[in-house]
Structures are given as C-alpha cells and as structure tokens.
Amino acid sequence: MAEWQSPSRRRFKLDPLWLAGPGIFYLVLLLIVPAAGLMFLSFRDSSGSLSFETYRQMFGAGIYVQVLINTFSIAMQTTIACLLVGYPLAYWLAKMPEKRRRLVMWLVLLPFWMSALLKNFAWMVLLSRRGVLSQILTGMGIGGPVDLLYGRGVVVFAMAHTMLPLAALTMLPTLLSIDLGLARAAKTLGASGGQAFWRIVFPLSMPGVAAAGLLVFISSLGFFITPALLGSPRETVIGQLLITQVQQLLNWQLAGAIAVMLLVVTLAVCLVYDRAFGISAVSGERSDRRSTGLFARIGTVVIASAARVTDILAGVLDVVPGLRRRGWLLDAFCVLVMAMLLVPVLIFLPMAFGSSSFLEFPPRGYSLRWFETYWNSSNWTGATMRSFGIAIVSALLASAMGGIAAFGVARSKSRIGNVAFLLFMLPMIIPNIVIAVALFYLFAQIGLIATDAGIALGHTLTALPVVFVIILTTFKNYDWRLDQAAATLGATRMGTVRKVTWPIVKGSVVAAFLFGFLHSFEELTIALFVGGGVRQTLPKQMWDDVLLQVSPTLAAASVIILAVVTVVFVAAERARPR
Amino acid sequence: MPSQSQFSPQAGISPKLSVRGIRKDYGATTVLHALDLNVHSGELLTLLGPSGSGKTTLLQIICGLVEPTSGRLFIDGRDETSLPVNQRDIGVVFQNYALFPHLTVKENIAFPLQMRRLPATEIDKRVAEVLDMVNLGHTADRLPKALSGGQQQRVALARCLVYRPSVILMDEPLGALDRKLRESMQIEIKRIHRETGATIIFVTHDQEEALALSDRICLMNDGVIAQVGTPQEIYEAPANRFSAEFIGLSNIFDGDIADGMLRSADGNIPAVAGMQAGDGLMVRPEHIALTDPAQGFLSGTVTETVYAGADTRLLVALESGKSIIVRQAAGFPIAPIGSSVGLTWQSSAIRIVR
C-alpha cells in the first residue's frame, strides 16, 4: 500500500528546510565563525604571520604534554568505567516490564539532570578528612583520619559517577530495540544463558555501547570540574589549563591550538565511530551495514571467548549453594549503582539544615541558619535571580529556533536535512570548553563579556541540541495524516495547526523548553568564561565558593538548586507525552 | 476498453463525480495514464488493484491532496481540479483512521462541523444522530485510544458522515481489522450506504471485499483502468487477461487457432466464434467437470486436493506440466491424488481473453 504523500499543491514549493535557517545562522555566527577564528589564530605568531610556533611551544613544554596525557588517559579510564558499570544497568532497565521501568527511569534521569558541580561537591564533602567515609573508617578502628581525595583513582571514580547516567541512557534505546525473543530463540537452539547473551544480545547492542563510549569520551575531554575539585596538581587537565591561559594570560594562540587539538580528536573519534556503526546509531537508529574485516574477526574471537568464560564461571557458581539462581546478582548490583547515583546528592538535605559551623554528617543539631545566610547574602540571591532570568531567556530562544528548525528538518525531503541535523548537534559534540573559549574570543571583540546577554546567548547555543532533538523526535513520530484528515474535514491550514498539530505536540515543546531551562540553569563553563567574574550565575557562585572554602551555605545553595532542578525536571517529564 | 461495459443506471443524468483524462507523473515515471471514470450519485464504487496500480494516487487526486499533471476533475458538474482540499465537499476515511488522539469521540466527530461554523445546538444534534447510526452512543466521551479497532473504524466513518459530504472516499479502511470484524464491518458499511444514499469510492486490494461491497468495480493495473463493471460483469465476463487472473481463480489456455479448434500444448480445445490469433480461452474452476480420461477435452493427473468445506479444490497436472484448478462442489466423491481424470466443460462457460 502506497504511502500518502504530503500535499503537493504548488509546483514550486520551498522545501520546509528553510525553517532551520535562523538556527543555522545562529550556529554559524556564534560557533563556527569564532571557532574557526580561534583556530586561524593558533597558526599565527605575535606579529600575525603564519607559524607553528604555538604548536612547537605546546608540544615542546613538558608541562603541556603532561596535561594532554592526563586529559586523554582520564577520559579513557572514565569511559571504560562508565561502560562497564553502565551496561549492566542499561541491560537491567531494558529487561524490566515497561511499567516498572518508567518508575525506575526517574531515578536514573534525575541524577542525569543534576549538575556535575553538585555531584562532585558531594564527593568532596563525603570523602574529605572529616567526611563520612573517613569517620566510619576511623570508628571501625582502621587507622586515623584518612584522606581519600586528591588522586587519580578518586578523579576517575567521581567523573565516571558524573557521566554514568549519560552512558546508561545512551545505551538503553539500543538494548530496548533488541527483541528479547531472540535470546529465548537462541536458548531453544541449545545456547546456555551466557552463550545467548554474548553471541546474540551483546553484538546487537554494540552500536549503543559505542555511542555511549563516544559521548562519554568527548564530554570527558573538556571536563574540568572533577580534576579541579578532587584531583591533585598531577591530575591537571586541558580544561584547567585553558582557564588559566585564557582568563589570566589571554594567551589566545595557545587557546586556539588546544581547541584545534580537541576538535581534531573529537572529529577523529566521530569519524571512526561513523565508519564502524554509522553516526545515526547515536540516536538509536540501527544501521543495516554488516561490518567485515579485522574488527569483525577480532570481535568474533572476543565474543566466543567471553561466552566460554561465562560458561565456565556458571559451571563453578552452580556448585555454590544459593547461587544456582543468579538473577538477583544483577538486581543487587544495579540497586547498589542506583543508590550510588542518588545518595551523594541526597546527603545535602540533612547537612544544609545542620547547626554547626562546618559541614558534617550526620549533623548535630538542626537549624535554618545556613538558609538565612544564603537568603541575606546579596551575592547568592543575585546569582540565583540572574540564573533564573538567563535560563528563561535562553530556553525561550532555543525553543523558538530549535522548534521551528525541528519542524523544518522533520518535514524536509531534501538530503541537506541530514547536514542540518548534524549542524544542530554540533554544540553537543564539540567539547563544552572549546565552545566557551570560542564564545569568549568572539564576545571579547564585541563587548559582550561580563554581560547577562552574553551568557544567555552562549547558553542558547548549548541548549539548542537538547531542545532540537526533543522536538525533532516528536515531529518525526507525528502522524502527518492527521493534518491531511483535518484538511479533508474542512480545516484551513491555520485551523489545522491550531486545533490539531499544536495540541498534540504542545507537551513536548513545553518539555523541551523546561529541559533547555535546566541546561542553562546548571551550566558552569560558559558562565565561567563569558561572565568574566562579574556576572555571577548560581553555578559560578558555587564554583568560586567551593574553591575558596567549603561552608554550609554551599549545602543550602545545593539544596535550593536540587529543589529547582527536581521541580522543573518532574514538570518536564510530565509534560512530555508518552 | 472503457466503452464496452460502462454500466450506468442513471444514463442521461450527469455523474456525481467525473474524472476526465487525469494523468499523474512523478518525474519521468507516469503513475496514472490519462484516466476517464464516472461515478454515479449514490453508488458504491470500488477501486481495486494490486499495490502500485495507482488507485491510491487517484484517490488522493480526487480528495485534493495531490494535484494531477493534466486532466480535470468534476464534482457535481463543477470543475474542482484546483480547489484546495479543505474547500472540497469530500469526506475521507483514512486507512489508519487518522482520529485526533487528543480529542474525544464526540469532539472528533464535531470537528468538521466546527470547521463549517455550525451553531452548537445543531452540532450536538447531528453528532448524536450519527453516533446512533454507528451504534457508538456510549463511547462519546472516550478518547480514541480507549476504543477497539472496529469502534475506531466506525468513529472515522461517523466523522465523515456527519457533514454529509457529496462523496466519501475510503482508503482500505478495513485493512487493519481481523477477518470476522472485517466481514461485519462490510455489512455495516453496506447498511449505512443504503440508509444514507451516500456516494462512496472505496479503495481496496482485496478482491473478495470488492465483490462483496460494490455496485461497480473499477479494476486498475499499472496506472490504467483494466475494466469497469458490476462484480458479476467483471467475474463472468473479464475483458482481458488481467481481469481474468486478478479476480477469482481462472484457467487460461493458449495456442494457434485452426479449424475451429484451439491447438494447445495439451490437446485441442473447441474454439469460440470471434477468436483472433493471440487470444486465449478462459474457464473458471467451478465450470470444469471431471470425467473419464478418454472423454474429456483434456486429460491429466490429480496432484493435490484442498478441502474447503463448501467445495474442494483439485490441482490437475496436464501432459505439458501445466496445472489446472478444478473446483468440485461438496457432495461429490473427491478424486484421489494420483488418479487420471478427463476435463470437460459447457461451451457457454468459455470466455475469450486477450
């Protein structure tokens, strides 16, 4: 049965893709032009002529090389940790009955939207010399106060903790799309549980695993919060280097060179990924290519041996009483992981209501004094108000541009639609720190540094992909025959949009707006650069305070952020149609 | 081709809907070749054909979602070729029903009336009437997703009937229903058609459905009309090979004609007057009788029997390997597999196909 085509009334009809125009213009102006300018600058010396001096400097000085090595190895370790822990979690979620999964998903999505700053601050408090863990260990008589902070281990741990929801949520769609009947079929064909998993489910889930790895790795490259808060100087990464070089020394050449390098690596990783799986797999679509060659052969060997090992292990475990049925092992593991995701965040609640003058857990008395301090400080309230204002403006701008662009891309039959899609995804693919530096470079020339408008424009840029993808998914799933039906029933074009299209998509547009709001409300990197230390947003105010001194006011501020995020997140999830 | 069986009960009255020389190209491919078709007031006409035959494109042109490359479309004598879809007085029942998911049954049905700015009291009255007609009064305040497939189908139909369009188009509306439900919906559509006197154009690829429902069938193939006629005409007097093979089961014999006989690879068969070179002879399975191998026009071996209650279908392999289908009514002994049989038929049962 042939598909109903869209009305082709006029012969020369503009492709709906033109609706993406404003968004594309915005992306080019605020992202591509300044990023290109910055790169251009890195190939110039101070007199302005072509030179590779900057690169010679960068790769010549041991300190820079060490920072690069730190960055890549930490990103790699974080990615591996996220995949190893995230895969069982995603698998566990995928296997659940749908009703229960919807409930449990809340517990994964909430930490996903919780700002990285908050999560890392929590670990800082929990793992410090006077922190909970140290107290417990002391109480058990194991040594004196232990300092668990400031080392490679804790940096990778906390970073993986920050990125884990991203990894699990990226893998989930692929795992959900795998027909669980396939594993059952494999078992009827004689496969053991382990064999069925490794030979059937695991290979089918590879695109999701790779997508998660890609996203976590790219996000980790520009990430500086964890190394700055929990690491020692030996864990210095590119992000921190950029902050000092740009903010204090205004060394644009070096900033440009670092940005170039991050971009090249990011693009290379994306390209390898595209060759192996097709970039569309990031959004959960399955490619119909079957890979052959070296990778495939290695893969087959790995899978075969993994299956063998699992079988042997299963044989051993079968002997142990109580382990014949092992389903609960996965349950236990995942419940533990979810607890790890939530507990550090929830720990703020009692601490913020404590009465002592430093952060302790459990708190000794209860009082509201730290909320009063927060409330009476014009720094904190001003930052809070500014964050609200900026978040509303950026979410509005991003929803307007991203929304009509999503409509255009969904309706377009043109092949350029794919290019437009990738363009809108760019702010998500390019490391945040590069965007922030590029914006700083652009805004410095047009006087937007240290303005609220500058921060809002920057947040609009990074909120665009979030908003765009949510609305695009809605329009892609939208049944356009409803519009045709409305037309045959006598509705005008405007009438159709007003009475049919809009009421159906309204929920997800509202959700997109709220997620855009959340994105801006918690954003630190751009606020750090563009705010210029003058225009403090809430996360920036927290950042400065954390670096200066950890006080209970921070816990109070965290609780307020937590409350706002939870309320907005719940509202967004409810608005979103299922 | 079109002239021979253009059955028109209201000869002399201008047709309700008239397709004149309508053609549709997509780039270099022509999906419709200059079609002519008249639909009479109050009739139920089926567009029947395999997928890709152009029936859906024709339907889309009629309702105004696609503009033809050339040709004109007249409704009630007015040229409506270029009229926007929302100004045509046409109702469409979509294949997937296209019920608005955010509106209740009542609101869905009221939608076309609201678009026509009818007073609220009139809307209420007509919605209640039509809900009664499709026996769905009790579901008025439910959302479409709370209804069964058959109920959704009836809501879609009611949404169309409520504003009394001059023509109702149905695009494979029963395709998503199971067999039992489909049959009861066919009866429902026939009843509503009779009660309302609406003009209905019904698209389907299911020949049984077309035979059961239609006043007339327009059989399409490769963007041309193969034959237009009543179900009986099309089944009993197929105009060409395509009609003969698409509708029902048929056995077609080819060969040279000499001395009043068709010389086929399996033997000589008495020819019919008016046959030309290249013509074939068609016999329906139910018109073939089994006899002694020596007495039939042709003989062969039974290779398969398929019991179907009211009748039994036999496959008979001829010498050349050609397979013939024979249908035996219940009550006769069934020839066992492997037995040799002769095939014979009345000369009146034979049709020429070209």
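Conventions we followed
Along every chain, residues carry numbers that run from 1 in the direction the sequence is written. Each chain takes a letter, starting from A, and each ligand takes a number, starting from 1, following the order in which they are written. With pLDDT at 70 or above as the cut-off, local features in this predicted model cover only qualifying residues; side-chain atom pairs require 80 or more to be listed or tallied, and sums for whole chains, interfaces and linings still use all residues. Exposure in this text rests on C-beta crowding, where 20 or more other C-beta atoms within 10 Å of a residue's own make it buried, 12 or fewer make it exposed, and counts in between make it partly exposed. The C-beta atoms are placed from the backbone. Secondary structure elements are taken from DSSP: a helix is a run of H or I of four residues or more, a strand is a run of E of two residues or more, and numbering for both begins at the N terminus. How far each domain reaches was decided by an automatic or database domain assignment. C-beta atoms are placed from the backbone for every residue, and two residues are taken to be in contact when these atoms lie within 7 Å. When DSSP locates at least two bridges between a pair of strands, those strands are taken to pair. Working convention: axes come from line fits to C-alpha atoms, limited for helices to the stretch in contact. Angles between N-to-C directions cover 0 to 180 degrees. An expected span of 1.5 Å times one less than the residue number is assigned to each helix. The angle separating two fitted axes, one through the seven residues that finish at a residue and one through the seven that start at it, defines the bend at that residue. Each residue gets one label: Ala, Val, Leu, Ile, Met, Phe, Trp, Tyr, Cys and Pro are nonpolar, Asp, Glu, Lys and Arg are charged, and the others, such as Gly, are polar. Take the buried Ala, Val, Leu, Ile, Met, Phe, Trp, Tyr and Cys residues, join any whose C-beta atoms are within 7 Å, and the set you get is a nonpolar core.

Think of an α-helix as turning once every 3.6 residues; residues three or four places apart then point the same way. What helix H11 (residues 238-248) of chain A keeps buried is the set Ile238, Gly239, Gln240, Leu241, Leu242, Gln245 and Val246 of chain A. Backbone geometry just downstream of H11 of chain A places Leu250 of chain A in the positive-phi region, at approximately 50°.

Turning to the domain arrangement of chain A, a few remarks are in order. All names here are of chain A. When its domains are assigned, chain A resolves into domain 1 (14-41 + 391-578) and domain 2 (44-179 + 207-287 + 328-351). One C-alpha centre belongs to domain 1, the other to domain 2; they are set 22 Å apart. With 33 residues of domain 1 in contact, the opposing surface of domain 2 contributes 33 residues. Going through the elements one at a time, helix H1 (21-42), helix H19 (432-446), helix H22 (493-522), helix H24 (538-548) and helix H25 (552-575) are the ones with two or more residues in the side of domain 1 that touches domain 2. It is H25 that provides the largest number of residues to the side of domain 1 that touches domain 2, a total of 10 residues.

Pairing between the strands of a sheet comes from backbone hydrogen bonds, and it takes one of two forms, parallel or antiparallel. Residues and elements named next belong to chain B. The sheet built from 5 strands is open, its strands ordered S16-S20-S17-S18-S19 with antiparallel pairing. This sheet does not close on itself; its edge strands, each paired only once, are strand S16 (289-291) and strand S19 (323-329). Ignoring which end each strand starts from, the neighbouring axes of this sheet average 50° apart. The sheet contact formed by strand S17 (residues 298-307) and strand S20 (residues 340-344) spans 4 bridges and is antiparallel. Residue Gly300 lies in a different strand from S20, and its bridge partner there is Val341.

Before going further, it helps to spend a moment on helix H7 (residues 152-177) of chain A. Residue and element names in this part refer to chain A. Between its terminal C-alpha atoms H7 stretches 37 Å, which fits the 38 Å expected from 26 residues at 1.5 Å a residue. Residue Met163 marks the point of greatest curvature in H7, where the axis turns by about 45°; the proline Pro165 follows within four residues. Counting buried positions over the 26 residues of H7 gives 19, a clear majority of the element.

Right, let's get into the interface of chain B and chain A. You'll often see interface size given as the accessible area lost when the parts meet. Across the contact, 25 residues belong to chain B and 21 residues belong to chain A. Contributions of two or more residues to the side of chain B that touches chain A are made by helix H1 (55-63), strand S6 (90-93) and helix H2 (105-115) of chain B. Grouping the constituent residues of the side of chain B that touches chain A by class yields 13 nonpolar, 8 polar and 4 charged.

A separate point is the pairing of strand S2 (residues 29-39) of chain B. The side chains of a regular strand alternate between both faces of the sheet. All names here are of chain B. Sheet topology note: the strand S1 (residues 17-26)/S2 ladder contains 8 bridges and is antiparallel. Counterpart to Asp25 in the pairing with S2 is Thr30. Joining the antiparallel neighbours S1 and S2 is a turn of 2 residues, in which Gly27 adopts a positive phi near 65°.

All names here are of chain B. Backbone geometry places Asp76, a non-glycine residue, at a positive phi of 50°. Within the fold, Asp76 resides in the loop between strand S4 (70-75) and strand S5 (78-79). The residue Asn135 is not glycine, and still its phi comes out positive at about 60°. Mapped onto the elements of the fold, Asn135 is located in the loop between helix H3 (120-133) and helix H4 (149-161).

Before going further, it helps to spend a moment on the nonpolar core. Core analysis: the largest hydrophobic core is formed by 155 residues, its most contacted members being Ala259, Val437, Ala438, Leu439, Phe440 and Val467 of chain A. Top contributing element to this core by residue count: H7 of chain A, with 14 residues. The two domains that each donate at least three residues to this core are domain 1 (14-41 + 391-578) and domain 2 (44-179 + 207-287 + 328-351) of chain A. Ranked by size, the runner-up nonpolar core spans 77 residues in total, among them Ala491 of chain A together with Ile22, Phe111 and Ala158 of chain B.

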